[in-house]
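# Remarks on the overall topology
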Amino acid sequence: MHRPVTQVITARHQTEGGGFKVRRPLPSAGLRYLDPILLIDEMGPVDYRPGEGVGAPDHPHRGFETVTYMLDGEFEHRDSAGHAGRLQPGDVQWMTAGRGVVHSEMPSTRIMAEGGRVHGFQIWVNLPARLKMTQPRYQEVAASRIPEAISDDGLARVRVIAGEALGVSARIDTHTPIIYQHWILQPGTQVTQKLPADCNAMLYVFAGAIESAGKPLVDGELGILGKGDTLELSVPAEATDSAQVLLLGGVPLGESVVQHGPFVMNTREEINQAITDYQQGRMGVIQPG
Ligand code: FE
């Protein structure tokens, strides 16, 4: 059975971190999270002039994972464990904050100096109680190593960041079953594929317009999918533009979610502990240089 679209949420524009602009469909007034996905931020697209770039300077995380996917531009990150790197278009960084990381995420030195376009996504994936205090972990996958598949008719292309699509499996390891796919759909696309019935799932359209099981979704809309075991995506043949969509979801954890800013735990006491640990430097400090 095709999963129906049971709720449509329109992303809102917000400002995050040091002032960068995001379009955020989740959380929203109508939905706090879709277990186990806590947040979806579309960063930009924004065109910076020289010296105008903004990002998210030093800040902590505990109890979940941040997944950054660049579409345009470059981001540089550094953290309290001495880890540093640069993300370029198509690259993915899957960071398990676990017991605690302090990091900064900024447009690259080059974009800061010369200006340029920045566009990408950051999503937050919750960790189960048994893994909230796990050792921090990074998986950084270059664009060329993200598995891709193309539909038989050549009209749909998918980049598989997590989960499985069109017979292709992701390379990134997730702690619990997660789905993260970027679909690029040409006019006339009609795709049906399996979607595990035990996973929550949603579609975020960030270019063009699609239909899923007969329900239209346009740029900036998040469609929450109901029960079923297949995903159906189409773009009318008469559409003038291709559409781009993220398919996100996972097996729900079914645990209590207590969030305070950059900390997501199961109880209020654990949040208080996270605040104390951060204030006392137990999540580390980014060394200059
Ligand atoms: Fe962060």
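Note that the coordinates shown come from a computational prediction; the quantities given were computed from them, not determined experimentally.

A few words now on the environment of Pro216. Within the secondary structure, Pro216 is located in strand β21 (residues 215-218). Sequence separation between Pro216 and Gly17 is 199 residues, and the spatial gap between their C-alpha atoms is 33 Å. The residues touching Pro216, leaving out its near neighbours within four places in the chain, are Ile210, Glu211 and Glu221.

Within strand β11 (residues 116-126), nine of the 11 residues are buried, which leaves it mostly tucked inside the rest of the structure. Of the pairings in the sheet, the one linking strand β6 (residues 64-72) to β11 comprises eight bridges and is antiparallel in character. Looking across to β11, one finds that Phe64 is bridged to Asn126.

Next up on the list: the coordination of the iron ion. In this structure, His59 (NE2), His61 (NE2), His103 (NE2) and Glu105 (OE) serve as the protein donors to the iron ion, at separations of 2.1 to 2.2 Å. The coordination sphere of the iron ion comprises four donor atoms, whose angles at the metal cover 86 to 179°; the geometry is irregular. Written as a sequence motif, the donor arrangement for the iron ion is H-x1-H-x41-H-x1-E. Of this pair, His59 sits in strand β5 (residues 56-61) while His103 sits in strand β10 (residues 101-107), placing them 44 residues apart in sequence. Take His59 and His103: they sit in the same class, and that class is buried.

Here the residue pair Leu26 and Pro27 is connected by a cis peptide bond, since its omega of -5° sits within 30 degrees of zero. Topologically, Pro27 is positioned in the loop between β3 (20-26) and β4 (37-48). Of note, the bond from Asp35 into Pro36 is cis; its omega dihedral lies within 30 degrees of zero at 5°. For Pro36, the location among the structural elements is in the loop between β3 and β4. Although it is not a glycine, Leu166 adopts a positive phi angle of roughly 45°. Inspection of the secondary structure puts Leu166 in the loop between β15 (164-165) and β16 (168-169). On the basis of relative accessible area, Leu166 is assigned to the partly exposed category, the value being 30%. One non-glycine residue, Ala213, lies in the positive phi region at around 50°. Relative to the helices and strands, Ala213 is located in the loop between β20 (209-212) and β21.

A word on the sheet that holds β20. Overall, antiparallel pairing links the four strands, which are arranged β18-β23-β20-β21 in an open sheet. Whereas interior strands pair on both sides, the edge strands pair on one side only; in this sheet they are β18 (190-194) and β21. Taken pair by pair, the neighbouring strands of this sheet meet at an average axis angle of 25°, ignoring direction. Bridge analysis of β20 against β21 gives four bridges, and the strand direction is antiparallel.

Time to look at the pattern of salt bridges. Under the definition given, this model contains 13 salt bridges. Here Arg117 and Asp47 are joined by a salt bridge, their closest N and O atoms 2.9 Å apart. Pair noted here: Arg117 is in strand β11 and Asp47 is in strand β4, with a separation of 70 residues, a long-range link. Accessibility expressed as a relative area gives 39% for Arg117, which makes it partly exposed. For Glu148, the salt bridge goes to Arg159, with nearest N and O atoms at 3.0 Å. Residue Glu148 is located in strand β13 (residues 148-150), and its partner Arg159 is located in strand β14 (residues 156-162); the two are separated by 11 residues in the primary sequence. Judged by relative accessible area, Glu148 falls into the partly exposed class, the value being 40%. A single salt-bridge network, built from bridges that share partners, covers Arg23, Glu42 and Asp219.

With that settled, the discussion passes to the sheet that holds β10. Strands sit in the order β5-β10-β7-β8 across an open sheet of four strands; the sheet is antiparallel. In the strand order of this sheet, the two ends are held by β5 and β8 (84-87), each with one partner. Taking the axes of each pair of neighbouring strands and ignoring which way they run, one obtains an average angle of 20° across the sheet. Relative to β10, β5 runs antiparallel, the two sharing four bridges. Paired with His61 across the bridge in β10 is Val101.

Calculation rules
Residues numbered from 1 in each chain as written. Predicted model: local features only at pLDDT ≥ 70, side-chain atom pairs only at ≥ 80, totals over all residues. Heavy atoms only, no water. Helix = DSSP H or I, 4+ residues; strand = E, 2+ residues; numbered from the N terminus. Contact = heavy atoms within 4.5 Å. Buried < 20%, exposed > 50% of the residue type's maximum accessible area, 1.4 Å probe, protein only. Pairing = 2+ DSSP bridges. Donors = N, O, S within 2.8 Å, 3.2 Å for Na, K, Ca; no water. Tetrahedral: all angles 85-135°; square planar, octahedral: opposite > 155°, others 65-115°. Axes fitted to C-alpha atoms, helices over the stretch in contact; angles between N-to-C directions. Salt bridge = Lys/Arg side-chain N within 4 Å of Asp/Glu carboxyl O.

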